[in-house]
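# Residue-level structure breakdown
The residues making up each chain are set out below.
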Amino acid sequence: MTDHIRTDLSDGILSVIFARPDKKNAITQAMYAALAEATQRAQSDDAVRVLLFRAEGDSFSAGNDIADFIAIGSQAGEPLDMPVFQFLKALADLDKPAVAAVRGRAVGIGLTLLLHCDMVVVAEDALLSAPFINLALAPEAASSLLLPQVLGHQRAFEIFALGEPVDGRTAVAWGLANRAVASEQVEATALELAGRLAARAPNSLRKTKRLMRDAEHLWALMQREGEAFGSQMKSPEAMEAFMAFSQKRAPDFSKVG
Ligand code: COA
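Residues numbered from 1 in each chain as written. Predicted model: local features only at pLDDT ≥ 70, side-chain atom pairs only at ≥ 80, totals over all residues. Heavy atoms only, no water.

Within the protein one finds 11 helices and 9 strands. By the compact-globule yardstick of 18 Å for 257 residues, the protein fits well, its C-alpha radius of gyration being 17 Å. Along the first, second and third principal axes, the C-alpha set of the protein runs to 55 × 35 × 35 Å. Residue burial in the protein is summarised as follows: out of 257 residues, 51% are buried. When the 26 positive and 32 negative side-chain charges of the protein are each reduced to one mean point, those points stand 4 Å apart. (Helix = DSSP H or I, 4+ residues; strand = E, 2+ residues; numbered from the N terminus. Rg over C-alpha atoms; globule rule 2.2 N^0.38 Å. Buried < 20%, exposed > 50% of the residue type's maximum accessible area, 1.4 Å probe, protein only. Lys, Arg positive; Asp, Glu negative; His and termini not counted. Charge placed at Lys NZ, Arg CZ, Asp CG, Glu CD.)

See below:
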C-alpha cells in the first residue's frame, strides 16, 4: 500500500493521481503496484468509462525512482516479476480510453506512459524527456516502437540518445499530445475531454481502440525491452549513472568498457 498514488472515481472517470510531489512524483515499486491495480480496475469495472492520469505538485512524474534502480540493480531475480511489468501489461491490455494531464516534467516512464494514452493535454511549458541513455538504460513501455512511430526515427533517437526535453508546444506539433494549454488550464481541459469520452458509446470506443493497436504485440515488445533494460540496470555503466544522480554530479562513462 502507498499514499503516493491516489484514485478518485467520479462521473465514470477514474483519476489516477501521482501524489509524491516532494520527489517530483518519481515512481517507486509500491507506486507501480498501485498503478497496476488502478489500471486493471479501469479495465474490469463497468463504472469506469475513462482513465485519467494526473499529478499533484509542479511535475507530472520524474520517472522511475532512481534509488529503487540502485536497490533493484543489486538484487537477484527476474525483472519481469517486478510491479512495473504488471503496470505495463495492464496498460497494454487497457481498451478503455486513457487521458493524461501533464504539467512540468514528464521524464522516462512519465513520457512513455503518454504513448499509451489516447488523448494527452500538456502545459505549453511542460518538459517531456526520455533520458534512458543518460542513465545507461534502454527504452521501455514499448517506446522503442511507439516513439519512432509518432515522431520518426531521427527525432525519437535524439530524444532517447541525447535525453533533452521537448516542450509542450513542440509535443503537440510533433504529434505526441493533442492540446497544449496554459499550465493552470491543463487539468480542466483534460477533465473536459475525459468527460466527453465518458459520454460516448462505451463498447464502440473500446472496439475502436482495440482495432487501433495490437495489445499482444505491445506486451511482447515490452518484455523484450525488459530484457535489455534489466541487463543494463545491473551494468557498471548504469551503476555509475545512478550513483552520479544520487551524488548530484555528471556521470563519467570514460572508464566503462
Ligand atoms: N528518483 C528519485 N528521486 C528523484 C527523482 C527520481 N527519478 N527525480 C527527482 N528526485 C528527487 C531529487 O533527488 C530531489 O530530492 P531531494 O530534495 O531529497 O534532494 C527531489 O526529487 C527534487 O528534485 P530536484 O532534482 O531537486 O528538482 P529539479 O526541479 O531541479 O529537477 C528533474 C527535476 C525531474 C529534472 C530532476 O529531478 C531529474 O532529472 N530527475 C531524474 C529524472 C530521471 O532521470 N528519471 C529516470 C528516467 S528513466
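Moving on, we get to the site of the ligand. In the region of the ligand, 15 residues are neighbours, and Lys 23, Ala 62, Asn 64, Ile 66 and Lys 248 sit closest. In the model, an oxygen atom of the ligand is placed 2.5 Å from a nitrogen or oxygen of the Lys 23 side chain. Between the ligand and Asn 64, the relevant distance is 3.0 Å, taken from a nitrogen atom to a main-chain nitrogen or oxygen of the residue. For the shell around the ligand, the residue count by class is 7 nonpolar, 2 polar and 6 charged. (Near = heavy atom within 4 Å. Polar contact = N/O pair within 3.5 Å; in protein donor to acceptor, adjacent residues only side chain to side chain. Nonpolar A, V, L, I, M, F, W, Y, C, P; charged D, E, K, R; others polar.)

Now for the sheet that holds strand 1 (residues 5-10). Backbone hydrogen bonds are what pair the strands of a sheet, in a parallel or an antiparallel way. Spatially, 6 strands are ordered 1-2-3-4-6-9 in an open sheet, and the strand pairing comes out mixed. Edge positions in the sheet fall to strand 1 and strand 9 (179-181), since each has one partner strand and no second. Averaged over all pairs of adjacent strands, the angle between their axes in this sheet comes to 15 degrees, without regard to strand direction. With 6 bridges joining them, strand 2 (residues 13-18) and strand 3 (residues 50-55) adopt parallel strand pairing. Looking across to strand 3, one finds that Val 16 is bridged to Phe 53. Of the strands in this sheet, strand 1, strand 2 and strand 3 are in contact with helix 1 (residues 29-44), which crosses strand 2 at around 170 degrees. (Pairing = 2+ DSSP bridges. Axes fitted to C-alpha atoms, helices over the stretch in contact; angles between N-to-C directions. Contact = heavy atoms within 4.5 Å.)

Let us look at the side chain of Glu 225. Along the chain, Glu 225 falls in helix 10 (residues 215-233). At 7.6 Å, Arg 224 is the nearest oppositely charged side chain to Glu 225, a buried residue that forms no salt bridge. One polar contact links the side chain of Glu 225 to the main-chain amide nitrogen of Ala 142, over a distance of 2.6 Å. (Salt bridge = Lys/Arg side-chain N within 4 Å of Asp/Glu carboxyl O.)

Let's shift gears to the environment of Ile 109. Take Ile 109: it is sitting in helix 4 (residues 109-112). A residue is classified by how much of its surface remains accessible, and Ile 109, at 5% relative accessible area, is buried. Distance in space between the C-alpha atoms of Ile 109 and Trp 219 is 15 Å, their sequence separation being 110 residues. Excluding residues that lie within four positions of it along the chain, Ile 109 makes contacts with Ile 27, Tyr 32, Gly 63, Asn 64, Val 84, Phe 87, Leu 88, Phe 132 and Glu 140.

The 3 strands are arranged 5-7-8 in an open sheet whose pairing can be described as mixed. If you trace the sheet from one side to the other, it starts and ends with strand 5 (105-107) and strand 8 (166-167), each paired once. Where strand 7 (residues 127-129) lies against strand 8, 2 bridges are found, and the strand directions are antiparallel. Opposite Leu 128, over in strand 8, you have Val 166 as the bridge partner.

Let us look at the environment of Glu 225. A relative accessible area of 5% means that Glu 225 is categorised as buried. Separated by 81 residues in the primary sequence, Glu 225 and Ser 144 place their C-alpha atoms 7.9 Å from one another. Beyond its immediate sequence surroundings of up to four residues, Glu 225 is in contact with Pro 139, Glu 140, Ala 141, Ala 142, Ser 143, Ser 144 and Leu 145.

None of this, on its own, says anything about what the molecule does.
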